[in-house]
Amino acid sequence: MDNDKAYRLQKIAEYRVDFDPFFRYIPWLSERKGKSQSRVYDGGDTSHSVSIPVYDGTLLNFVKGMQATGLMDRNYPYIYSNRNMVTAEDELYQISQAELKDMEVILGILSKYVLGGMTRGKLWTDAVENGLFYHALVKIKEILEVWDEPLV
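Residues take numbers from 1 onward in each chain, read along the sequence in its written order. This being a predicted model, a pLDDT of at least 70 is required before a residue's local features are given, and a value of 80 or more before pairs of side-chain atoms are given or counted; all residues contribute to the totals for chains, interfaces and linings. Side-chain measures were taken over the full set of non-hydrogen atoms in the model, leaving aside hydrogen atoms and water.

Colleague: A description of the packing of aromatic side chains should follow, citing residues and the corresponding values.
Modeller: Under the pairing criterion, centres of Phe, Tyr and Trp rings, with the six-membered ring standing for Trp, must be within 6.5 Å; the plane angle then separates stacked pairs below 30 degrees from edge-to-face pairs above 60, leaving the rest tilted. Applying the stated criterion across every chain yields a total of seven aromatic pairs. Ring centres 5.2 Å apart and planes at 70° place the aromatic pair tyrosine 25 and phenylalanine 62 in the edge-to-face group. With a gap of 37 residues between them, tyrosine 25 in the loop between α1 (2-19) and α2 (26-32) and phenylalanine 62 in helix α3 (residues 57-68) connect regions that are remote in the sequence. Only protein chains enter the accessibility calculation, which uses a 1.4 Å probe; a residue is then buried when its area is under 20% of its type maximum, exposed when over 50%, and partly exposed in between. On the basis of relative accessibility, which here comes to 6%, the residue tyrosine 25 falls in the buried class. Counting from the N terminus, the helices are the DSSP runs of H or I reaching at least four residues and the strands are the DSSP runs of E reaching at least two.

Colleague: Residues and numbers for the packing of α1 against helix α8 (residues 132-145), please.
Modeller: Fitted lines through C-alpha atoms serve as axes, helices being fitted only where they are in contact, and the angles separating the N-to-C directions of these axes extend from 0 to 180 degrees. Where α1 contacts α8, the axes come no closer than 10 Å and their chain directions differ by 140°. Taken together, the axis directions place α1 and α8 in an arrangement best described as oblique. The handedness of the crossing between α1 and α8 comes out as left-handed. Along its contact with α1, which presents Ile12, Tyr15, Arg16 and Phe19, the element α8 presents Leu137, Ile140 and Leu144. An angle below 35 degrees is treated as roughly parallel, one above 145 as roughly antiparallel, one from 65 to 115 as roughly perpendicular, and anything else as oblique. Two helices cross in a left-handed way if the nearer one is turned anticlockwise from the farther one by less than a right angle. They cross in a right-handed way if the turn is clockwise. For this analysis, residues touch if any pair of their heavy atoms sits within 4.5 Å.

Colleague: Give me the lowdown on the nonpolar core, citing residues and values where you can.
Modeller: The biggest cluster of nonpolar side chains holds 42 residues, and the ones touching the most others in it are Phe19, Leu110, Phe133 and Leu137. Among the elements of the structure, α1, α2, α3, α4 (76-82), α6 (103-116), α7 (122-129) and α8 are those that each provide at least two residues to this core. In this structure phenylalanine 19 touches Met66, Leu71, Met103, Leu107, Leu110, Leu137 and Ile140, once residues within four positions along its chain are discounted. Throughout this description, the term nonpolar core refers to a set of buried Ala, Val, Leu, Ile, Met, Phe, Trp, Tyr and Cys residues connected via side-chain atoms within 4.5 Å.

Colleague: How would you summarise the environment of threonine 125 if you had to cite specific residues and measurements?
Modeller: Tracing the chain through its elements places threonine 125 in helix α7. Remark: the alpha-carbon pair of threonine 125 and leucine 59, spanning 66 residues in sequence, is separated by 8.5 Å.

Colleague: Explain α1 residue by residue, including any values.
Modeller: In this scheme, a helix's expected span is set at 1.5 Å multiplied by one less than its residue total. In this model, α1 (18 residues) spans 25 Å end to end at C-alpha, consistent with the 26 Å of a helix rising 1.5 Å per residue. Within α1 the residues assigned to the buried category are Ile12, Ala13, Tyr15, Arg16 and Phe19. The buried residues of α1 occupy an angular sector of 165° when projected down its axis, which confines them to one face. Across from the buried face of α1, at angles greater than 90 degrees, the exposed residues are Asn3, Tyr7 and Val17. Against α3, α6 and α8 lie the buried residues of α1. This arc is built from the directions going out from the helix axis to the C-beta atoms.

Written out as structure tokens, the structure reads:
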């Protein structure tokens, strides 16, 4: 029993170290739920230019920081198939029901949007507009705050 508690406290301390810097994004993500997150740079008056999406610097910093944590899992499709997640509503439901033992589910959802956004940038804006980044961070913060133990 003591080993289980020690293990949980160790995991919580590790997650706190990784996620504490990201909790500052919660107000920013909350403000942007339901709003468009990118604009298209069309190159001015040239009629033969290619449109390039331009993202908010805060969003890019968030994504870059999430990648740097080392917690993004390239095997997130396994989590999706295991939990039968298909739609954004499924993802939000899984986030809302998550507990400490389900952190890999939240990380899998974050991974889909953070890593997938590297090739399909629309995923980043979808995650902000649908509130997935916001709800994931709020749930992680809630899970970590359940335990009153100080950081190790």
